[in-house]
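An overview of the molecular structure
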Amino acid sequence: MKVVFVEQDRCLACRNCERVCSFQDSRGFMRENANIWVHIDMDARTIFTLTCQQCETAVCLEVCPVGAISRDLDTGAVMVGETVCVGCKMCINACPFGCIHFDGAKRIVAKCNLCNGEPKCVQNCMSGALHYSNINDLAAIKRKKINKAQVRATQSQKVEKQL
């Protein structure tokens, strides 16, 4: 299954992903309409980007009392049926990652739908921090990054011992 994956250490907090997502869904540039969020904590000097994880066992899908949430068979995305959703917000409470929000203008919930298999946030990420790939491919990216960090740490320790 393909998902959007964020390399947190590459994110520049430009918020381009938020803008393109917002525009894709609402034809406007309002952060609250985006289905990907960039959180900047200036005190802790951290950036954290978050979007729907398209959970294999999607609790949001299970709790929807009207069956408005389903999985797209082609993309694997957990989708909200806008014509079926009654805006009860049960899925918002159920999502363990907080990746579903209420669209006050439409009076329904909204979440990432992977742009029908071509996530615009990934296509427009200036730093290359966003990836859309099979979860196993993304795990390989993470392992490679960890291995590089371990090599650097080992080399640094060798230099310190020489001094």
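What you see is a predicted model; the values in this text were computed from it and never measured.

Rules used in this analysis
- Residues numbered from 1 in each chain as written.
- Predicted model: local features only at pLDDT ≥ 70, side-chain atom pairs only at ≥ 80, totals over all residues.
- Heavy atoms only, no water.
- Buried < 20%, exposed > 50% of the residue type's maximum accessible area, 1.4 Å probe, protein only.
- Helix = DSSP H or I, 4+ residues; strand = E, 2+ residues; numbered from the N terminus.
- Contact = heavy atoms within 4.5 Å.
- Core = buried A, V, L, I, M, F, W, Y, C linked by side-chain atoms within 4.5 Å.
- Pairing = 2+ DSSP bridges.

As for helix H1 (residues 16-26)
Every buried residue of H1 is listed here: Asn-16, Cys-17, Glu-18, Val-20, Cys-21 and Ser-22. Its buried side turned inward, H1 meets strand E2 (36-41), helix H4 (120-123) and strand E8 (130-134). Remark: Arg-27 follows H1 within two positions and exhibits a positive phi of approximately 60°.

Side note on the environment of Cys-112
Locating Cys-112 in the fold gives a position in the loop between strand E7 (108-110) and H4. Distance in space between the C-alpha atoms of Cys-112 and Val-59 is 15 Å, their sequence separation being 53 residues. In this structure, Cys-112 is in contact with Asn-35, Thr-51, Cys-52, Gln-54 and Val-78, ignoring residues within four places of it in sequence.

Details of the nonpolar core
Core analysis: the largest hydrophobic core is formed by 36 residues, its most contacted members being Val-4, Cys-60, Ile-69, Cys-121 and Leu-130. For this core, the secondary-structure elements that each account for two or more residues are strand E1 (2-6), H1, E2, strand E5 (78-80), E7, H4 and E8. Apart from residues no more than four positions distant in its own chain, Leu-130 is found in contact with Val-4, Phe-5, Val-6, Cys-17, Ile-36, Cys-121, Val-122 and Cys-125.

Considerations on the pairing of E1
Judged by how many residues are buried, E1 sits mostly within the fold: four of five residues are covered. With five bridges joining them, E1 and E8 adopt antiparallel strand pairing. Paired with Val-3 across the bridge in E8 is Ser-133.

Structural notes on unusual backbone geometry
Positive phi outside glycine occurs at Lys-89, with the angle close to 70°. By the secondary structure assignment, Lys-89 is in the loop between E5 and helix H3 (90-94). Note on Lys-89: relative accessible area 36%, which makes it partly exposed. Positive phi is not limited to glycine here, since Asn-116 has a value of about 55°. As for its placement among the helices and strands, Asn-116 is situated in the loop between E7 and H4.

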